[in-house]
Amino acid sequence: MAHNPACERAKNPGCVCTGCGGSLHGWPTRIEFAEKATEPELTKLRRDAELLWLTKLGTGKRRKNNLLDPPGTLKKAASQGVEADAITWLARNRDHIDPSRNLGLGLHADVRTALRERVRGAPGPLTAEQVDRSTPGHFWCTLLADLAGAGETVQDTSDRVPEAAREFLREGQSPAGWGPTQDALADHAMGLVWKCVCTALLGDFADLLLVTRLMSLFLCPDPTRHPTLVQRSLLPLAKDIGGEDVPTRLLQAYGIDLEP
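Residues numbered from 1 in each chain as written. Predicted model: local features only at pLDDT ≥ 70, side-chain atom pairs only at ≥ 80, totals over all residues. Heavy atoms only, no water.

Caption draft 1: The arrangement of the overall build of the protein in detail. Of regular secondary structure, the protein possesses 13 helices and zero strands. Starting at the N terminus, the α and β elements of the protein follow one another as α-α-α-α-α-α-α-α-α-α-α-α-α. For the protein, the C-alpha radius of gyration of 18 Å lies close to 18 Å, the compact-globule estimate for 260 residues. With the C-alpha coordinates aligned to their principal axes, the bounding extent of the protein is approximately 60 × 40 × 35 Å. (Helix = DSSP H or I, 4+ residues; strand = E, 2+ residues; numbered from the N terminus. Rg over C-alpha atoms; globule rule 2.2 N^0.38 Å.)

Have a look at this one:
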């Protein structure tokens, strides 16, 4: 399907926009909101996320059962709490808005173009046409989350980061819809995405990792089906910029999924 604004506004799984290959999924609307939001609007955003969590958690026996076996709705509520805090952080740290947008646009234009060219010139069964058919879903958020996790380990912007991220990808739990084609494309794309990150996010390395995680969250169609994103992006974001109760809620909702 051709790209359309509904993809940019998407908040739920199911978007398979081959027009942008998933590279414009979700993040443009969230960044635009952060750019234009007033303080009362940000307060409402966080209050709505808080109310959603309390509603999905429930009380009494229902609360106890939900914490023993967290349903998808509770996981989604916990993830939305992190998203609300991430949007608020971006709105209050406006010098990070353009770099975040530049990262997303770089993925959409530069990385996709370079990836097609690399696949076209590489031996094997992959074709350039598969790029946009196979990257909607969890492709871009996976690469960004694994790069952020690898960057945390390596602690510099060297070429060691994409190689470490490839190891993370091989060892981690694959998100929904991930298969051999995405593995092969990721091997070609990891270095390209890291170069895009480093070009768009010049400056403090800790901020580079934070914005990379933030964009992985904004791009992800469904964190509840992406455990490595929760571990490598959501939990660090919750600890760095989230409200006091947000990391605890993630642990309550996702439990064992957050174990290394």
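Caption draft 2: Expanded view of the packing of helix α10 (residues 180-200) against helix α11 (residues 205-219). Where α10 contacts α11, the two axes come as close as 10 Å, and the packing angle between them is 120 degrees. Relative to α11, α10 is oriented oblique. In the packing of α10 onto α11, the handedness of the crossing is right-handed. Contacts from Trp 194, Val 197 and Cys 198 in α10 reach Phe 205, Leu 208 and Thr 212 in α11. Among the residues forming the contact of α10 with α11, the class breakdown is five nonpolar, one polar and no charged. (Axes fitted to C-alpha atoms, helices over the stretch in contact; angles between N-to-C directions. Parallel < 35°, antiparallel > 145°, perpendicular 65-115°, else oblique. Left-handed = near helix turned anticlockwise from the far one by under 90°. Contact = heavy atoms within 4.5 Å. Nonpolar A, V, L, I, M, F, W, Y, C, P; charged D, E, K, R; others polar.)

Caption draft 3: Spatial organisation of the nonpolar core. Leu 107, Val 193, Met 215 and Phe 218 are the most contacted members of the largest nonpolar core, which has 73 residues in total. No other element matches the eleven residues that α10 contributes to this core. Excluding its chain neighbours within four sequence positions, the residues that come into contact with Val 193 are Leu 107, Val 111, Trp 140, Leu 143, Leu 144 and Leu 147. (Core = buried A, V, L, I, M, F, W, Y, C linked by side-chain atoms within 4.5 Å. Buried < 20%, exposed > 50% of the residue type's maximum accessible area, 1.4 Å probe, protein only.)

Caption draft 4: The arrangement of the side chain of His 188 in detail. Residue position: His 188 is located in helix α10. Those residues in contact with His 188 that sit more than four places away from it in its chain are Leu 115, Arg 118, Val 119, Ala 122 and Leu 126.

Caption draft 5: Layout of the pattern of salt bridges. One pass over the structure, following the stated rule, counts 17 salt bridges. For Arg 101, the salt bridge goes to Glu 35, with nearest N and O atoms at 2.7 Å. Separated by 66 residues along the polypeptide, Arg 101 in helix α6 (residues 97-120) and Glu 35 in helix α2 (residues 27-36) bring together distant segments of the chain. Note that Arg 101 and Asp 98 form a salt bridge whose closest N and O atoms lie 3.1 Å from each other. One end of the pair is Arg 101 and the other is Asp 98, both in helix α6 and three residues apart, which spans about a single turn. By relative accessible area, which is 45% here, Asp 98 ends up partly exposed. If you follow the salt bridges from partner to partner, you end up with Glu 163, Arg 166, Glu 167, Arg 170 and Asp 187 in one network. (Salt bridge = Lys/Arg side-chain N within 4 Å of Asp/Glu carboxyl O.)

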